[in-house]
Amino acid sequence: MKRWCQQGNGALLLLLAAAELLLMTRMQRQLDSTLSFTHDERRYWQTLVLAESSLQWGIGQVWLMGNRSDEQCLGYAAEGLRVCLRQVPGEHYMLLRGEGHLPRSSSVMVLYQRVVPIEPDGETSPLKPIAGGWLDFCPERQEAICGG
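Just so it is clear, the structure is predicted and the values come from calculations on it, not from any experiment.

Next up on the list: the overall build of the protein chain. Each helix and strand in the protein chain was counted, giving 2 helices and 7 strands. Sorting the 148 residues of the protein chain into buried and exposed places 28% on the buried side. When contacts within the protein chain are restricted to residue pairs at least 6 apart in sequence, those whose partners lie at least 24 apart make up 47%. Total accessible area on the protein chain stands at roughly 10800 Å², and carbon and sulfur atoms take up 57% of it.

In structure tokens, the structure reads:
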């Protein structure tokens, strides 16, 4: 009679299966992390585009002129656009603030554009952007001027 001797093949298979399980778990975590990063990146670009669109839409609107110290805001809810205009004290330009906000999100992207009225002596006027006046931060030291 011949006796069969176990030579550790079962233990080797268990060790390989455990290593494969660890590798697959690590790959799943990496995929989850990449998916989360991609989702965050997509939301960032969407809010940036909405903020830029708000600025462009606001430039095309007709605003009240005159010696105004208060902030004027307009919104186009169907597209998620919101823009506000404020005269900067002591300056010849005005500050236009465009906001980008995604539904079901708490984050808001805010961009600024220095603008001047096309018809400064009129009661109302569309706006003209100042070249190089687009900013992704508030250009004024007084936070009250930037709104928010």
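Let's shift gears to the sheet that holds strand β3 (residues 81–87). On the basis of which strands lie adjacent, the open sheet formed by 5 strands has the order β2-β3-β4-β5-β7 and antiparallel pairing. Only two strands of the sheet have a single neighbouring strand rather than two, namely β2 (72–76) and β7 (127–135). With strand direction ignored, the average angle separating the axes of adjacent strands in the sheet is 30 degrees. Pairing of β2 with β3 involves 5 bridges; the strand directions are antiparallel.

Moving on: the state of the cysteines. This structure, assessed with the given rule, holds 1 disulfide. Across the disulfide from C73 sits C84; the S-S distance is 2.0 Å. An S-S torsion of about 110 degrees defines the bridge between C73 and C84 as right-handed. Remark: C84 occurs in strand β3 and C73 occurs in strand β2; sequence separation between them is 11 residues.

With respect to the secondary-structure elements, L96 resides in strand β4 (residues 94–101). Among the residues examined, L96 registers a relative accessible area of 0% and is labelled buried. Along the backbone, L96 and V116 are 20 residues apart, and their C-alpha atoms lie at a distance of 9.7 Å. When residues no more than four places from it in sequence are discounted, the contact partners of L96 are L55, G58, I59, W63, V83, C84, L85, L111, Y112, Q113, V115 and L127.

Attention now moves to the pattern of salt bridges. Evaluated as defined, the whole model comprises 5 salt bridges. Of the charged contacts in the structure, one is a salt bridge between R86 and E71, with a shortest N-O distance of 3.8 Å. Pair noted here: R86 is in strand β3 and E71 is in the loop between β1 (63–64) and β2, with a separation of 15 residues, a long-range link. R97 serves as the salt-bridge partner of E71, at 2.8 Å between the closest nitrogen and oxygen. Remark: R97 occurs in strand β4 and E71 occurs in the loop between β1 and β2; sequence separation between them is 26 residues. Beyond isolated ion pairs, a larger network of salt bridges with shared partners links E71, R82, R86, R97 and E99.

What counts as what
Residues numbered from 1 in each chain as written. Predicted model: local features only at pLDDT ≥ 70, side-chain atom pairs only at ≥ 80, totals over all residues. Heavy atoms only, no water. Helix = DSSP H or I, 4+ residues; strand = E, 2+ residues; numbered from the N terminus. Buried < 20%, exposed > 50% of the residue type's maximum accessible area, 1.4 Å probe, protein only. Contact = heavy atoms within 4.5 Å. Areas by Shrake-Rupley, 256 points an atom, 1.4 Å probe, with all protein chains shown as cover. Pairing = 2+ DSSP bridges. Axes fitted to C-alpha atoms, helices over the stretch in contact; angles between N-to-C directions. Disulfide = S-S within 2.5 Å. Salt bridge = Lys/Arg side-chain N within 4 Å of Asp/Glu carboxyl O.

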